[in-house]
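One-letter residues, chain by chain:
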Amino acid sequence: MIQQTVERLKPLAGLDNTWVITNEYLAHEIAGQLKGIPTGQVVQEPVARNTAPACGLAAFLIERQNPDAVLGIFPSDHVIADEPRFLKALQKGIAVAAAGDHIVVLGIEPTRAETGYGYIETGDLTKDDAALHVRRFIEKPNQNRAEEFVAAGNYYWNSGMFLWSARTLANAVREHLPETAPLLEAIAAAYGTPHFDEVFRTAYPKCENISVDYAVLEPRSAKGEHLSHLYCIPAEFSWNDLGSWASLYEYQLETRLRGDAEGNVAETTGHMALDAVNNYIYSPHKFVALVGVENLVIVDTEDALLIAHRDHSQDVGKIVKELAITERTNLI
């Protein structure tokens with residue numbers, strides 16, 4: 001999927017202008033898959049510190065080269081159809097981001113009351129009708145609030161795809177993460193020197209572990225709809241974030257990769273369903289029988305079994321955190 005992510009962006013950004021922020025475990029594999037990207041532009045985090053330090057580091061690195069460059073943030077687990085429309089939306093967003101101290105997010109029209117995504121409340125169109133003003137960002141609501149947002153009609157899912165100039169993002173990090181910003185600036189200053197690895201390993205773990213949504217977008221939106229310079233470009237292309245089992249289920253059902261007449265998606269040696277609908281089953285070495293169940297996610301691997309309701313599949317992350325706390329990382 002990371003190859004697809006880079007490939008769809010090539011019309012707007014060549015490999016020389018592509019950077020990947022990843023971890024030490026995946027860097028070698030990614031470099032092998034993305035031949036042509038300069039080795040130094042596959043940056044290996046020594047520890048995970050969420051999206052704010054990762055995005056901020058990218059901004060400080062690019063700011064030193066070209067502060068006016070428009071920087072796009074693109075997660076590598078997205079499935080996007082109708083790429084011409086995707087590129088058209090990006091071109092519109094790039095123009096808005098380049099016009100000033102602007103932050104642009106691509107918004108996805110919600111198809112359900114999803115509790116695993118953040119939401120964007122939008123306001124008026126800009127004077128040139130290029131984008132919507134953003135009123136506020138809301139992180140992962142409960143079911144009742146998610147249903148209210150979908151019914152309101154002016155809320156979009158936060159896709160996690162952002163556009164801003166390197167200077168804009170760097171200054172936003174300086175404003176909203178005043179203790180983390182100097183650490184990231186020191187790392188960026190050491191880039192390309194013999195001391196880079198040492199500085200990176202020493203400074204990066206001291207950065208605040210926080211998402212860019214919490215760190216930058218939410219406090220920025222608090223300035224008000226017409227003072228925050230936050231803008232939303234509504235997506236007119238098909239989008240799916242395969243970050244949860246529910247998303248994977250929907251993608252396979254929509255694309256008809258798998259799925260029976262009752263909406264069960266099964267990756268098994270065979271399955272039978274009696275009065276069972278809308279389930280996702282992954283058990284590649286077993287025959288599975290479903291009786292009288294609905295909307296379940298069942299994942300069977302060699303050393304673990306996961307059973308969850310599809311509406312709560314995002315909560316699997318809580319199990320992962322608990323396993324890490326209890327030092328059962330062999331199951332992660």
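This text follows the structure it describes.
Residues numbered from 1 in each chain as written. Predicted model: local features only at pLDDT ≥ 70, side-chain atom pairs only at ≥ 80, totals over all residues. Heavy atoms only, no water.

Caption draft 1: Fine view of the pairing of strand S3 (residues 70-73). Across the two faces of S3 the burial differs, with Leu71 and Ile73 buried and Val70 and Gly72 not buried at all. Bridging between S3 and strand S8 (residues 155-165) involves 4 bridges; their strand directions are antiparallel. Residue Gly72 lies in a different strand from S8, and its bridge partner there is Leu163. (Buried < 20%, exposed > 50% of the residue type's maximum accessible area, 1.4 Å probe, protein only. Helix = DSSP H or I, 4+ residues; strand = E, 2+ residues; numbered from the N terminus. Pairing = 2+ DSSP bridges.)

Caption draft 2: Geometry of the environment of Asn330. Tracing the backbone through its elements, the reader meets Asn330 in the segment after helix H11 (316-325). For Asn330, a relative accessible area of 57% corresponds to the exposed category. In this structure, the C-alpha to C-alpha distance between Asn330 and Asp303, residues 27 residues apart in sequence, is 9.1 Å.

Caption draft 3: Broad picture of the packing of aromatic side chains. According to the stated counting rule, one finds 13 aromatic pairs in the structure shown. Centroid distance Phe86 to Phe237: 5.3 Å. Interplanar angle 90°. Geometry classified as edge-to-face. With Phe86 in helix H4 (residues 83-98) and Phe237 in the loop between strand S9 (230-234) and strand S10 (239-241), this residue pair connects regions lying 151 residues apart in the sequence. For the pair Phe149 and Tyr155, a centre-to-centre distance of 4.3 Å together with 10° between the ring planes defines the contact as stacked. For the pair formed by Phe149 and Tyr155, the shared burial category is buried. (Phe/Tyr/Trp six-rings, centres within 6.5 Å; stacked < 30°, edge-to-face > 60°.)

Caption draft 4: How the structure looks around the side chain of Thr126. Positionally, Thr126 belongs in the loop between strand S6 (119-125) and strand S7 (132-138). Residue classification places Thr126 among the buried positions, given a relative accessible area of 12%. The contacts of Thr126, once residues within four sequence positions are left out, are Ala131, His133 and Tyr231. (Contact = heavy atoms within 4.5 Å.)

Caption draft 5: Highlighting the pairing of S9. Here S9 lies mainly inside the structure; 4 of its 5 residues are buried. Inspection of the sheet shows strand S5 (residues 103-108) paired to S9 by 5 bridges, in the parallel sense. Opposite Gly107, over in S9, you have Pro234 as the bridge partner. With 2 bridges connecting them, S7 and S9 associate as antiparallel partners. Directly across from His133, in S9, lies its bridge partner Tyr231.

Caption draft 6: Representation of unusual backbone geometry within the structure. A positive phi angle, near 70°, is found at Asn50, a position not held by glycine. Counting through the fold element by element, Asn50 comes out in the loop between strand S2 (42-45) and helix H3 (51-63). Assessed through its relative accessible area of 38%, Asn50 is described here as partly exposed. Positive phi is not limited to glycine here, since Asn278 has a value of about 60°.

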